[in-house]
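Structure assessment
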Amino acid sequence: MSLPENTTVLIVGAGPAGLTAALSLTHHRCHDFVIVDAVVEGHNSSRAIVIYSATVEALASINAADGILSQAIKGKSLRITSRSSQIFEAKFDFLKNHSAYPDPLYIPQNVTELMLVQKLQSLGVQIQRPHRVVGMKQNEHDSHITDVSFEDGQVIKARYIIGADGARSIIRTNAGIGFSDPDPANVMLDRMIFADVTFEPEPVGPLTLEGHLNGTVFSGNFFMLTPFGNRFNAELTQDGKPITKSIFRVGCASPSKNGEPPHAPPKEYIQDMIDAYGPACITSDPSLNPTPVKVDQLLWSTRFKTHSAIADRTFTRLGAAIFLIGDAAHTHSPAGGQGMNLAMRDAIFLADVITKHIQVSAENPDVDDTILQEFADARHARALEIIDFTKRLLKIASFSYDAYAWWMPCSAASIRDLILRILGRFDFVQSKVAWGLSGLGRR
């Protein structure tokens, strides 16, 4: 498909960040933009699954929340458990006094993207696929324009470029922006496995009910369980075969001693992971679970490293004003489910700033980049906060139950669990945890 020769704004990448940026530009009446993506169609896998209050608020501000709200499971609480008992629970209804959208939304990323694409299409916007960026250079005739070249030989001249093209961002690379961990010494549990599965027979118990994020702590590790029920069976099928059973998202850190996990861990690997680290109610071990269950269908699985990284800067010029958002700007551990949320808020707020800069530039072509730089600095600082937050969560989750010494028969993990059991009785502690995850204090 032919691309236009010129555009005011070019969005590269049609994941959650790029789609949200396009919706926000449209909402702010900036219609001269093009959104491109390198792949023929979006991913059909669930990946990120939580949208928190601050992000729902931001989506609602650009009239883009209704589709997601209609599809998602409304979250009720975050639970921390041992393999056999509950340690702590933070309920999200404490946020009702702070937001019109207090409940986190549990929804697979491919369904989120589908809702955003459908909203864009209803506004007359089409994603241009497949178009892979291969180079950028300043235009020879206008110092505020960048010539963006594509693999098929086409070139677009753009005044603003939004790089939403992921952790291996070609926009970031071509702009000469570095990407590194701000605290490389503070790394633990650097590999994780996630999978969407069904069980036979279907598990029962409080942890299998919709509306709860369940985190099971183990010595030096943690395991995540999120029940989807039958809500997304049609969207998560991979081979066209109907799924009739409840789907569960499972996730676990993979200790280095276990070696490098497979790229797409098979059913047997996921079963072993569940039996080693999962809550008793979903294991096949009769010594833990009086009604053993086994993985029946493996719908999707992946491995990835949990390392953190942040771009040296998220705004620069190479003729055009170039911005990085989402994974192109920052990556971090999935602990706390903050990545996609920060990416979407970056995109929504950036589009507002770009629109204002376009309007001011129309009146004064010599306007400087102050408002663009101030925005970029603020979002860079916010990303550093999130990286620190997720590293602290991962560190707490990775505490070991090994005793400090023979003369001190207690451990960091047992002390953590005791503190959580005690503090979890107080509403203000639960509300503080819910607030921290919601993003309302760090939009």
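Each remark here, short or long, concerns the structure printed above.
As the structure is a prediction and not an experimental result, all values here were calculated from the model.

**Quick notes on the packing of helix α2 (residues 53-61) against helix α8 (residues 339-363)**
Close contact between α2 and α8 brings their axes to 9 Å; oriented N to C, the two are set at 30°. In terms of axis orientation, α2 runs roughly parallel to α8. Between α2 and α8 the crossing geometry is left-handed. On α8, the residues touching Ala-54, Thr-55, Ala-58, Leu-59 and Ser-61 of α2 are Asn-341, Met-344, Arg-345, Ile-348 and Phe-349. When the residues that make up the contact of α2 with α8 are grouped by side-chain class, the tally is six nonpolar, three polar and one charged.

**Description of the sheet that holds strand β17 (residues 309-311)**
Pairing within the open sheet is antiparallel, and its three strands lie in the order β11-β17-β20. In this open sheet, the two edge strands, each paired with only one partner strand, are β11 (179-180) and β20 (330-331). Two strands pair when backbone bridges link them, and β17 and β20 are joined in this way by two bridges, in the antiparallel orientation. Directly across from Ala-309, in β20, lies its bridge partner Thr-331.

**Thoughts on unusual backbone geometry**
Note the cis peptide between Arg-129 and Pro-130, where omega equals -25°. Among the secondary structure elements, Pro-130 is positioned in the loop between α4 (109-122) and β8 (133-138). Each neighbour pair has its own omega, and for Glu-200 with Pro-201 the value is -10°, a cis peptide bond. Relative to the elements of secondary structure, Pro-201 occurs in the loop between β12 (191-200) and β13 (212-218). A positive phi is found at Arg-29, a non-glycine position, where the angle reads about 65°.

**Observations regarding helix α7 (residues 267-277)**
Among all positions in α7, only Ile-270, Gln-271, Met-273, Ile-274 and Tyr-277 are buried. One side of α7 holds all its buried residues, which, seen down the axis, span an arc of 160°. Away from the buried face of α7 by more than 90 degrees, exposed residues Glu-268 and Asp-272 are located. Packing partners of the buried residues in α7 comprise β12, β13, β14 (221-229), β15 (247-253) and β16 (294-305).

**What to know about α4**
A rise of 1.5 Å per residue sets the reference length of α4, with its 14 residues, at 20 Å; its end C-alpha atoms lie 20 Å apart and thus fit the reference within 8%. Three or more residues of α4 are buried, namely Gln-109, Asn-110, Val-111, Thr-112, Glu-113, Met-115, Leu-116, Val-117 and Leu-120. Looking at the buried side of α4, the elements it contacts are α1 (16-27), β3 (50-51), α2, α3 (66-71), α6 (233-236) and α8. In the stretch just after α4, Gly-124 is the one whose phi turns positive, near 85°.

**Examining the packing of aromatic side chains**
The relative placement of two aromatic rings is captured by the distance of their centres and the angle of their planes. The tally for this structure, following the rule as stated, stands at six aromatic pairs. For the ring pair Phe-218 and Tyr-277, a centre distance of 5.2 Å and an interplane angle of 90° mean the geometry is edge-to-face. On the criterion of sequence distance, the pair formed by Phe-218 in strand β13 and Tyr-277 in helix α7 is long-range, its members being 59 residues apart. Among the residues examined, Tyr-277 registers a relative accessible area of 12% and is labelled buried.

**Details of the pairing of β14**
Burial analysis of β14 places eight of its nine residues in the buried class, which makes it a mostly covered element. Here β13 pairs with β14 via five bridges, running antiparallel. Among the inter-strand pairings, Gly-215 is bridged to a residue of β14, identified as Met-224. Counted along the chain from β13 to the antiparallel partner β14, the turn is two residues long, and its residue Gly-220 has a positive phi close to 75°. Alignment of β14 against β15, held across six bridges, turns out to be antiparallel. Bridging from a neighbouring strand, Gly-229 pairs with Ile-247 of β15.

So, how was this worked out
- Residues numbered from 1 in each chain as written.
- Predicted model: local features only at pLDDT ≥ 70, side-chain atom pairs only at ≥ 80, totals over all residues.
- Heavy atoms only, no water.
- Axes fitted to C-alpha atoms, helices over the stretch in contact; angles between N-to-C directions.
- Helix = DSSP H or I, 4+ residues; strand = E, 2+ residues; numbered from the N terminus.
- Parallel < 35°, antiparallel > 145°, perpendicular 65-115°, else oblique.
- Left-handed = near helix turned anticlockwise from the far one by under 90°.
- Contact = heavy atoms within 4.5 Å.
- Nonpolar A, V, L, I, M, F, W, Y, C, P; charged D, E, K, R; others polar.
- Pairing = 2+ DSSP bridges.
- Buried < 20%, exposed > 50% of the residue type's maximum accessible area, 1.4 Å probe, protein only.
- Arc of directions from axis to C-beta.
- Expected span 1.5 Å × (residues − 1).
- Phe/Tyr/Trp six-rings, centres within 6.5 Å; stacked < 30°, edge-to-face > 60°.

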